Every structure is written in C-alpha cells, then in structure tokens.
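If you want the building blocks of each chain, they are given just below.
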Amino acid sequence: NQIKRTLDQLGIDCTLATDGKKALDTLLSWADEAPERIRDLTMLISDVEMPEMDGYTLTTRLRADARLQHIYILLHTSLSGVFNHAMVEKVGADEFIAKFKPDLLANAVIKQVQAGQQAKD
C-alpha cells in the first residue's frame, strides 16, 4: 500500500498483486491474451519477501520467459546488506531499493517512466 500511495501521488496507474505467484500469473495471462499490455508496461516493482513466490523467484521466472524478460524490475525490500545486492544481480533485477524510502522509489519510477517515453518517441 505504501508503494501504491507513492505511485498515486505521482499520477501513475498500477496493477497490484498480493504475491509473486499472482503477479506472474497476471503477466503470463497478459502475454498470452493481451501482449500490448506487456509492451506498454513501464516496470514491475516487487517486494522480495512475499508468500507463495518471493521477488527473487519472480524475477528469475520473468527473465526465463522471452515474452517477459525485457520488463524493468525493481526489487524493494526491508532486508539489506550485500546478500540482497548479490541476489539482485544474480536473478537479473534492474534495481534494488531498501524499504521504505518514498523519495528513492519516486525517483526510480520517474526515471523509468521518462526512459519509456523517450523510447516511444
């Protein structure tokens, strides 16, 4: 909800999933039934600590699917230290932010939105 409030304040639409498995299922469904939704997706923000499927596993699964591997992934967690940074690199996430720093999150989202807009121009 903190992430959603930050995105709402930025005026950015988002789709929420309560865990990594539901997020993966949603993205796979979009890839199968509405690939334009995947093309228009700016980024995925995932907590590392989730029930069913954690953010590391979610990222690994996305990177293994040719239809989803291009998605910009920001992992967000309360865990800190070298372990997380090493895991972020190992699974192929694009960015990592320790929880909860709304200014860092907002800046990362704005940067990615702007990069997406430039790519479309």
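Below or above, wherever it landed, is the structure these notes cover. (Residues numbered from 1 in each chain as written. Predicted model: local features only at pLDDT ≥ 70, side-chain atom pairs only at ≥ 80, totals over all residues. Heavy atoms only, no water.)

### Notes on the overall build of the protein chain
For step 1, the next point in the chain: Summing up its helical and strand segments, the protein chain has six helices and three strands in all.
For step 2, the next point in the chain: Order of helices (α) and strands (β) in the protein chain, N terminus to C terminus: α-α-α-β-α-β-α-β-α.
For step 3, the next point in the chain: Relative to a compact globule of 121 residues, whose C-alpha radius of gyration would be 14 Å, the protein chain shows 14 Å and is just as compact.
For step 4, the next point in the chain: Principal-axis analysis of the C-alpha atoms gives the protein chain an extent of 35 × 30 × 25 Å.
For step 5, the next point in the chain: At a minimum sequence separation of 6, the contacts of the protein chain that also span at least 24 residues come to 58%.
For step 6, the next point in the chain: Element-wise, carbon and sulfur atoms account for 49% of the exposed surface of the protein chain, whose accessible area totals about 7,200 Å². (Helix = DSSP H or I, 4+ residues; strand = E, 2+ residues; numbered from the N terminus. Rg over C-alpha atoms; globule rule 2.2 N^0.38 Å. Contact = heavy atoms within 4.5 Å. Areas by Shrake-Rupley, 256 points an atom, 1.4 Å probe, with all protein chains shown as cover.)

### A word on the environment of Thr 59
For step 1, the next point in the chain: Structurally, Thr 59 can be placed in helix H4 (residues 55-64).
For step 2, the next point in the chain: Residue Thr 59 is classed as buried on the basis of its relative accessible area, which comes to 0%. (Buried < 20%, exposed > 50% of the residue type's maximum accessible area, 1.4 Å probe, protein only.)

### Concerning H4
For step 1, the next point in the chain: When we look at burial in H4, the residues that qualify are Gly 55, Tyr 56, Leu 58, Thr 59, Leu 62 and Arg 63. With its buried residues spanning 160 degrees around the axis, H4 presents them on a single face.
For step 2, the next point in the chain: Its side-chain oxygen 3.1 Å from the backbone nitrogen of Tyr 56, Asp 54 forms the N-cap of H4. (Arc of directions from axis to C-beta. Polar contact = N/O pair within 3.5 Å; in protein donor to acceptor, adjacent residues only side chain to side chain.)

### A few points about the pattern of salt bridges
For step 1, the next point in the chain: Applying the stated criterion to the full structure yields seven salt bridges.
For step 2, the next point in the chain: For the salt bridge of Lys 4 with Asp 8, the shortest nitrogen-to-oxygen distance reads 3.1 Å. You can see Lys 4 and its partner Asp 8 sitting in helix H1 (residues 2-10), four residues apart, about one turn around the helix.
For step 3, the next point in the chain: By relative accessible area, Lys 4 is classed as partly exposed at 28%.
For step 4, the next point in the chain: Of the residues examined, Asp 8 reaches a relative accessible area of 43% and is grouped as partly exposed.
For step 5, the next point in the chain: With its nearest N and O atoms 2.9 Å apart, the salt bridge here joins Arg 67 to Asp 65.
For step 6, the next point in the chain: In this structure Asp 65 comes out as buried when scored by relative accessible area, which is 17%.
For step 7, the next point in the chain: Salt bridges here are not isolated pairs; linked through shared partners, they connect Asp 32, Asp 65 and Arg 67. (Salt bridge = Lys/Arg side-chain N within 4 Å of Asp/Glu carboxyl O.)

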